[in-house]
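Close look at the chain arrangement
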Amino acid sequence: MMALRQAPCARGARPFQAVTPRPVRMVACDAAALQFIKGVNEPTIPEVRLTKSRTGANGTATFIFENPSIFQASGEMGDITGLFMVDDEGTLSTTDVKAKFINGKPQAIEAKFQMRSQFEWDRFIRFMDRYSEDNGLGFEK
């Protein structure tokens, strides 16, 4: 792919003259993923519930994973240290993670992510847009 870029305004140069085209390097972005152990993607798709305060200053995302695959693999790969939301912007994380047991067997994991500002809310929504696009999820009120 070739691109034109704006030339700097040097003495005698016109502000929008075309410069020699050069190839544009395409960088692939990693898909958005949820992880309980850093570096190990969780393939189980959770139910996600969002709440937001009336003022919009605070919000909570609750993730509910029914029978996540991490239950079978956590002994081999390490301990669950939190929920990590990883995408091309970086990582969001929470340590508010609880396992639910029925008859002594793990059945579900619930994780809560607190957002304490509009900036954190917007960043979370960007992550969820990427995650839902990658996993074919939809939104319902």
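As annotated in an unreviewed UniProt entry, the chain is Photosystem II reaction center Psb28 protein from Pleodorina starrii. Per UniProt, the chain has the following entry under Subcellular location (unreviewed entry): "Plastid, Chloroplast thylakoid membrane". Taken verbatim from the UniProt record of the chain, the Subunit (unreviewed entry) comment is "Part of the photosystem II complex."

**A closer look at the overall build of the chain**
Of regular secondary structure, the chain possesses two helices and ten strands. In sequence order, the chain lays out its α and β elements as β-β-β-β-β-β-α-β-β-β-β-α. When burial is assessed residue by residue, the chain has 30% of its 141 residues classed as buried. A separation threshold of at least 6 residues defines the contact pool for the chain, and within that pool the share at least 24 residues apart is 57%. Carbon together with sulfur atoms contributes 51% to the accessible area of the chain, which is approximately 10000 Å² in total.

**Remarks on the pattern of salt bridges**
Tallying each qualifying case throughout the model produces eight salt bridges. Across the pair Arg123 and Glu89 runs a salt bridge whose closest N-O atoms are separated by 3.5 Å. Of this pair, Arg123 sits in helix H2 (residues 118-135) while Glu89 sits in the loop between strand S7 (83-87) and strand S8 (90-94), placing them 34 residues apart in sequence. Exposure remark for Arg123: the relative accessible area of 8% places this residue in the buried category. When its relative accessible area of 38% is taken as the criterion, Glu89 is described as partly exposed. A salt bridge links Arg126 to Glu89; the shortest N-O distance between them is 2.8 Å.

**A closer look at the packing of aromatic side chains**
Under the definition given, this model contains five aromatic pairs. Between the aromatic rings of Phe63 and Phe65, the centroid separation amounts to 6.5 Å while the plane-to-plane angle is 15°, which identifies the pairing as stacked. Across this residue pair, the class does not change: Phe63 and Phe65 are buried. Grouped by ring-pair contacts, the aromatic residues Phe36, Phe63, Phe65, Phe113 and Phe124 constitute a single cluster.

Analysis parameters
- Residues numbered from 1 in each chain as written.
- Predicted model: local features only at pLDDT ≥ 70, side-chain atom pairs only at ≥ 80, totals over all residues.
- Heavy atoms only, no water.
- UniProt positions renumbered as here; feature names shortened; annotations may be inferred.
- Helix = DSSP H or I, 4+ residues; strand = E, 2+ residues; numbered from the N terminus.
- Buried < 20%, exposed > 50% of the residue type's maximum accessible area, 1.4 Å probe, protein only.
- Contact = heavy atoms within 4.5 Å.
- Areas by Shrake-Rupley, 256 points an atom, 1.4 Å probe, with all protein chains shown as cover.
- Salt bridge = Lys/Arg side-chain N within 4 Å of Asp/Glu carboxyl O.
- Phe/Tyr/Trp six-rings, centres within 6.5 Å; stacked < 30°, edge-to-face > 60°.

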